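Structure at a glance
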Amino acid sequence: MSYCISRFQTIRRLTNEVKVGSVGVGANNPIRVQSMTTSDTQDVDATVKQSIALAEVGCEIVRITAPNVPAARCLKEIRTKLSAAGFGHIPLVADIHFLPQAAMEAVEHVEKVRVNPGNYADKKKFAVREYTDADYELELERLYDAFSPLVKRAKELGRALRVGTNHGSLSDRIMNRYGDTPLGMVESALEFLRIAESHGYNQMILSMKASNPKVMIEAYRLLVERMQQEAMRYPLHLGVTEAGDGEDGRIKGAIGIGSLLLDGLGDTIRVSLTEDSVYEIPVAQALADKAMSLWHPDQTTAANAVSSDSIDPFHFAKRETTTLALADGCAVGPELPPRVIVRVSSVAALPEAAAQLASPRLKDTPVEGILVPIHSAADLSALQSATVALPTKFLVLELAPQLTANELAPLLSNVRGKIVLLRAFAEDSIDTLKSFLNLVGSRGHFLAVSTTAKKFPALANFLKQFGDGNVMISLAAENFSPKSNSSTHALGEYRALVEALNTAGIRAPIWIRNTAHTAVQPHNSFLSKLLEASILTGSLLCDGVGDLISIETEADLLRATKLSYNVLQGAGARISKTEFVACPSCGRTLFDLQTTTQRIREKTGHLKGVKLAIMGCIVNGPGEMADADFGYVGGAPGKINLYVGKTCVQYNIPQTDADDRLIALIKEHGKWFDPEPAVTD
Ligand code: SF4
């Protein structure tokens, strides 16, 4: 737990306060929500208008790109007009890439300047060369000379700085020494911090953004650990960059930002979406509110400390589990993708559910397990006599506590296919649970044990004694329950469960269940359900935990299924469609990102496993696209550059031809297949 006080409760990391104008970031301040304008910065009125629109929906800090010195000069007028319109309390941030001169101009006018260590006065030509220690030192001295004037001026004027590192846009010097890695990102930022500190300056905020939530999470964790080693307490700005739009963009942001917020990290956040910036704010606010509702009042002690944590938070590794063959072609285990389960409300609802789940729309995202509550013997009989052919691979029966293994035995004889019995574990029911274990063992079925934090040790003992060969485990923990009003949360409880199992050598697969208190569920918006499911499921998947998932907070089965697959895709745990990396756009953007992204998605969204980057400009170089297979990048107004990996293969092609040329390129590289005919139910 070297990077946070607790991974099991939300205990906020102590930081210094950084003042961005009148807005305090870090320390005891709430999580600040911010976004960025997308207009041309030199179109002052448009930029002021967008800034006001952002402030009116609750954005607390507004960032504006300053791609050159004339644009940086415009910040003066933008600041003046925004203040005159009654928004003097909204601080502005200049976003700088490459040009120290633009930063020196911008710092005169706005409350904060963001620099990217990967391209601020440092070489970034993707050159491969060996840097001797002497070469490296020489470059650091050059960096010192280039960055110091900005630090000194920021100190004189009382401005803040953000050292904003991006995965994929590291300097050649860093890339050659550390690679395009979280460690490289962290070292890159630390070099800038040390230079600033040598001038007695500490009004800095840090970010470590990446489009891949796993990389982003690891980079922030590593940054905090390294800062702690150097007694640095700078606040963090969290964000997943190039997350895209719609459900996918929100999910990626929630996985990366939400996971860190629940670890107590993060003082200001931006949810990047390829949509109008105002749509970012409600998402960011909801994430911030959820995290703040969990903040533990005592920042120094964990009330429910778990003494060990066997997960390496800096390197992804999937948890080792036993393999369970739940059905033909549907097993769970360490090398296998997590399986998707949906819940129906009752046995009576099964026929309608079966019809819905047979929809051709779910052809590429099939539901594998269907969970049905069994309250009584009458439900059992109804299930027995039901003639429904389920389109799923296996059936899960959620058993009420009073049902016995004897009552179930005859049913299991008559049911075709595999069954999973979901049974709550209570310490006083060891014999009962044993009878279920024997029952499923003798019929080749499976037992899913639902437990609570208090019962982990007893459950681990039970499984050690009686075997975990056909068992999977889940948690009866409501995600963000309004009842709990404490810093404990389902994510922490799952982590504690994993720890108890690992300590006891139990390798049973884990089923991540997203459940909510039934009283609040109807009032929960879809956004809220999406964010909560992404935070819990995505964070665990990024920890390498999770073999089955169910999002039971969403009653619409098609929506719940799509959401499950989208969360799996966002966490990189199971790929079911094309992966899009799309920048959110800004004043540098060279084409309409929203319509272009939608158009390209319509043409290429069926290419499962292909990763496409759509970038408004090449400011950060092809590295910004990180590991995309193909890139569609603004090269000049009306002109597009196409990339294969990080190599530009077609320059300045007219935008009108670019879609076709992109598709031709995908075909040339053997990654194209024709879409299936449109689906109608
Ligand atoms: S990649 Fe997109 S968001 Fe980034 S600077 Fe270029 S246009 Fe702006």
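Cut-offs applied
- Residues numbered from 1 in each chain as written.
- Predicted model: local features only at pLDDT ≥ 70, side-chain atom pairs only at ≥ 80, totals over all residues.
- Heavy atoms only, no water.
- Helix = DSSP H or I, 4+ residues; strand = E, 2+ residues; numbered from the N terminus.
- Rg over C-alpha atoms; globule rule 2.2 N^0.38 Å.
- Buried < 20%, exposed > 50% of the residue type's maximum accessible area, 1.4 Å probe, protein only.
- Contact = heavy atoms within 4.5 Å.
- Right-handed = clockwise from strand over helix to strand, strands pointing away.
- Expected span 1.5 Å × (residues − 1).
- Near = heavy atom within 4 Å.
- Nonpolar A, V, L, I, M, F, W, Y, C, P; charged D, E, K, R; others polar.
- Phe/Tyr/Trp six-rings, centres within 6.5 Å; stacked < 30°, edge-to-face > 60°.
- Lys NZ or Arg CZ within 6 Å of the ring centre and 35° of its normal.
- Polar contact = N/O pair within 3.5 Å; in protein donor to acceptor, adjacent residues only side chain to side chain.
- Core = buried A, V, L, I, M, F, W, Y, C linked by side-chain atoms within 4.5 Å.
- Axes fitted to C-alpha atoms, helices over the stretch in contact; angles between N-to-C directions.
- Parallel < 35°, antiparallel > 145°, perpendicular 65-115°, else oblique.
- Left-handed = near helix turned anticlockwise from the far one by under 90°.

What follows covers the overall build of the chain. Scanning the chain from N- to C-terminus turns up 19 helices and 25 strands. For a compact globule of 681 residues, the expected C-alpha radius of gyration is about 26 Å, and the chain comes in at 26 Å, within 12% of that figure. The proportion of buried residues among the 681 residues of the chain is 59%. If you take every contact in the chain between residues at least 6 apart in sequence, the share linking residues at least 24 apart comes to 73%.

A few words now on the pairing of strand β21 (residues 579-582). Residues of β21 alternate between two faces, with E579 and V581 on one and F580 and A582 on the opposite face, all of them buried. Following the chain from β21 across helix α18 (residues 593-604) to the adjacent parallel strand β22 (residues 611-615), one finds a crossover that is left-handed.

To continue, consider helix α15 (residues 490-504). Since there are 3.6 residues in each turn of an α-helix, residues three or four apart along the chain are aligned in direction. Spanning 15 residues, α15 covers 21 Å between terminal C-alpha atoms, matching the ideal 21 Å at 1.5 Å per step. Burial analysis of α15 places eleven of its 15 residues in the buried class, the great majority of the element. Along α15, the residues that are buried comprise A490, L491, G492, Y494, R495, A496, L497, V498, E499, L501 and A504.

Before going further, it helps to examine unusual backbone geometry. Despite not being glycine, E242 has its phi angle at roughly 50°, a positive value. Note on placement: E242 falls in the loop between β9 (237-238) and α8 (246-262). Phi is positive for N652, which is not a glycine, with a value near 50°. Mapped onto the fold, N652 is located in strand β25 (residues 647-654).

Take the site of the ligand next. All residues in the neighbourhood of the ligand are listed as C583, P584, S585, C586, R588, T589, M615, G616, C617 and V619. Taken together, the residues of the shell around the ligand sort by class into six nonpolar, three polar and one charged.

For the rest of this paragraph, the subject is the packing of aromatic side chains. Inspection of the entire model under this criterion finds seven aromatic pairs. With centroids separated by 5.9 Å and ring planes inclined at 40°, the aromatic side chains of F425 and F462 adopt a geometry described as tilted. Here F425, found in the loop between β16 (418-424) and α13 (430-443), pairs with F462, found in helix α14 (residues 456-466); they are 37 residues apart in sequence, far enough to count as distant. For the pair shown, F425 and F462 are each scored as buried. Here F462 and F466 contribute two aromatic rings whose centre-to-centre distance is 4.9 Å and whose plane-to-plane angle is 50°, an arrangement assigned as tilted. With a gap of four residues between them, F462 and F466 both fall in helix α14, about one helical turn apart. Residue class for F466 comes out partly exposed when judged on its relative accessible area of 31%. By way of ring pairs, the aromatic residues Y120, F147 and F192 are connected into one cluster. Stacked on the ring of Y136, the Lys or Arg R173 has its end atom at 4.9 Å from the ring centre. Residue placement shows R513 over the ring face of W511; its charged tip is 5.3 Å from the ring centre.

Moving on: the side chain of R79. You can see R79 is positioned in helix α2 (residues 69-87). A distance of 3.1 Å separates a polar side-chain atom of R79 from the backbone oxygen of F87. Apart from the residues lying within four places of it in its own chain, the contact partners of R79 are F87, G88, I90, P91, L92, H109 and E111.

Ranked by size, the top nonpolar core spans 169 residues in total, and within it I96, V113, F147, L397 and L421 carry the most contacts. Excluding anything up to four places from it in sequence, F147 contacts V115, Y120, L161, F192, I195 and A196. Core analysis: the second largest hydrophobic core is formed by 29 residues, F591, A628, I640 and I666 among them.

Before going further, it helps to examine the packing of α8 against helix α16 (residues 526-542). It is at 8 Å that the axes of α8 and α16 come closest, and there the two elements cross at 60°. Overall, the two elements α8 and α16 adopt an arrangement that is oblique. Of the two possible hands of crossing, α8 and α16 adopt the one that is right-handed. Only F526, L527, L530, L531, S534, I535, G538, S539 and C542 of α16 make contact with α8, whose side of the interface consists of E247, R250, I251, A254, I255, G258, S259 and L262. Across the contact of α8 with α16, the residue classes tally to ten nonpolar, five polar and two charged.

Keep in mind these values describe shape, not function.
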